[in-house]
Amino acid sequence: MSQHRPVGTPGRAGAVPALPDLPEATVARLPEYLRALHNLAETGNDTVSSEELAAAAGVNSAKLRKDLSQLGSYGTRGVGYDVALLIDQIEFVLGLTQSRAVALVGVGNLGHALAGYAGFAGRGFRIAALFDADPARLGEVINGLVVRHIDELPQVAAEESIAIGVIATPATAAQSVADQLVAAGVTSILNFAPCVLAVPDGVDVRKVDLAIELQILSFHEHRKAALTGLPAAAGPAAGLGSPNGTTPNGTTHGGAATAGLTALPGGLAATGTTEATPAGTLRSTNAEAVGS
Ligand SMILES: NC(=O)c1ccc[n+]([C@@H]2O[C@H](COP(=O)([O-])OP(=O)(O)OC[C@H]3O[C@@H](n4cnc5c(N)ncnc54)[C@H](O)[C@@H]3O)[C@@H](O)[C@H]2O)c1
């Protein structure tokens, strides 16, 4: 079977829809496939089976095949997927064929670390401008970029064609910064501040919150501790999830076996279930970037 039916390949406009309308959970998994494919390419692999790629990306192989079929990629029986072609196709669908300019607002502890990170360029992003409101921070040079006053945002956003804004300010300032980004024409925001942002239709917000990730892991720690306290008849592995399973929020389990029952305060019980579906993006709202 042919591997690649181009999905909206540039130059073939009209032959197929410009872009597939993918489920958000599929979109959230594509970067995982891409990362795994780049690693495979770097280690000299020209082709990869769906099982190998699924293992490298940490997802279930049936789900991977379904995801890639939605891009028009079915692999070749006995050969697998062409690594370079699949990279091209996923990068095209994710809009990574052009480097997107990113503005970072808030150059404090977190902002410094993000501004100094050299790894974004290789993933399709260029930090093009740094902004802060603290006069003491203005003029500092990080990775060749000068920290500018936030008031310069509209002018710089136009000059640099800023596509994405990253907010690394305290939560108290985040809404006003989001408003300024939107007013400057930015329609995608990555928010590190622990708050919900109100944005107009057409603006996508994703939120990264390490505390939430830790709280989710805390839940699993709590649950594992509760399970070890169950009677032996319940089985030592009960409730720890499927082999190498992933919860709906993207947590990967190394445990074995089946669904189980966990005692909760008040006599409630929870049944364990697992599925490899990272959380999706909510449009025009504040999606958690959990598991993506
Ligand atoms: N998502 C995470 O995992 C994570 C981890 C750590 C921190 N945080 C969050 O990231 C944010 C930054 O944390 P931090 O430790 O770097 O804080 P910080 O105080 O060191 O830095 C915040 C920076 O924002 C600037 N700022 C404040 N108001 C501004 C405005 N209106 N316009 C432009 N710049 C403004 C400040 O001058 C400062 O330089 C906080 O909201 C924090 O809760 C998130």
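Everything quoted here is computed from the prediction, not taken from an experiment.

**Student:** I would appreciate a short explanation of the pairing of strand E4 (residues 125–132) in the present structure.
**Tutor:** Consecutive side chains of a regular strand alternate in pointing toward one face of the sheet and then the other. Most of E4 sits out of view: six of its eight residues are buried. In the sheet, strand E3 (residues 100–105) pairs with E4 via six bridges, with the strands oriented parallel. Looking across to E4, one finds that Arg100 is bridged to Phe125. In terms of handedness, the path from E3 via helix H5 (residues 109–116) over to E4 forms a crossover that is right-handed. Sheet analysis places E4 next to strand E6 (residues 145–149), joined by three bridges and oriented parallel.

**Student:** Explanation requested: the site of the ligand in the structure shown.
**Tutor:** Near the ligand there are 26 residues, and of these Gly106, Gly108, Asp134, Ala173 and Leu210 occur at the shortest range. Breaking the shell around the ligand down by element, the ones donating at least two residues are H5, E4 and helix H7 (171–183). Considering every element that reaches the shell around the ligand, the biggest residue donor is H7, with four residues. Residues that form the shell around the ligand fall into these classes: 16 nonpolar, six polar and four charged.

**Student:** Looking at this structure, how should I read the nonpolar core?
**Tutor:** In a soluble, globular protein the nonpolar side chains are often hidden away together inside. With 31 residues, the main nonpolar core has Ala103, Leu104, Val105, Ile167, Ala178 and Ile189 as its most contacted residues. Broken down by secondary-structure element, the contributors of at least two residues to this core are E3, E4, helix H6 (153–160), strand E7 (162–167) and H7. In this structure, Ile167 is in contact with Val105, Gly106, Ala174, Val177, Ala178, Ile189, Asn191, Phe192 and Ala193, ignoring residues within four places of it in sequence. In terms of nonpolar packing, the next biggest core, distinct from the first, is built from 18 residues, Leu34, Ala57, Val83 and Leu86 among them.

**Student:** I tried to follow H7 on my own but got confused; where do I start?
**Tutor:** Spacing of three or four residues puts side chains on the same side of an α-helix, whose turn is 3.6 residues. With 13 residues, H7 extends 19 Å between its outermost C-alpha atoms, agreeing within 8% with the 18 Å of an ideal straight helix rising 1.5 Å per residue. Those residues of H7 that fall on the buried side of the exposure criterion are Ala174, Val177, Ala178 and Leu181. Buried residues of H7, viewed axially, fall in a sector of 110°; they line one side. Away from its buried face, by an angle of more than 90 degrees, H7 presents the exposed residues Thr172, Ser176 and Ala183. Considering only its buried residues, H7 is in contact with E3, E7 and strand E8 (188–191).

**Student:** What is the right way to read the UniProt feature "domain: CoA-binding" (unreviewed entry) in the protein chain from this model?
**Tutor:** Feature annotation in UniProt places "domain: CoA-binding" (unreviewed entry) on residues 95–196, given in this structure's numbering. Across residues 95–196, the secondary structure splits into 28% helix and 30% strand, with the terminal C-alpha atoms separated by 26 Å.

**Student:** Help me understand unusual backbone geometry in this model?
**Tutor:** A negative phi angle is the norm for most residues apart from glycine, just as the trans form is the norm for most peptide bonds. With a phi angle near 50°, Asn143 is a residue other than glycine that sits in the positive phi range. Looking at where Asn143 falls in the secondary structure, it is placed in the loop between strand E5 (141–142) and E6. Judged by the 11 C-beta atoms lying within 10 Å of it, Asn143 falls in the exposed class. The backbone of Ser161 shows a phi angle near 50°, a positive value even though the residue is not glycine. Structurally, Ser161 can be placed in the loop between H6 and E7.

Cut-offs and rules
- Residues numbered from 1 in each chain as written.
- Predicted model: local features only at pLDDT ≥ 70, side-chain atom pairs only at ≥ 80, totals over all residues.
- Buried ≥ 20, exposed ≤ 12 C-beta atoms within 10 Å, placed from the backbone.
- Helix = DSSP H or I, 4+ residues; strand = E, 2+ residues; numbered from the N terminus.
- Pairing = 2+ DSSP bridges.
- Right-handed = clockwise from strand over helix to strand, strands pointing away.
- Near = placed C-beta within 6 Å.
- Nonpolar A, V, L, I, M, F, W, Y, C, P; charged D, E, K, R; others polar.
- Core = buried A, V, L, I, M, F, W, Y, C linked by C-beta atoms within 7 Å.
- Contact = placed C-beta atoms within 7 Å.
- Expected span 1.5 Å × (residues − 1).
- Arc of directions from axis to C-beta.
- UniProt positions renumbered as here; feature names shortened; annotations may be inferred.

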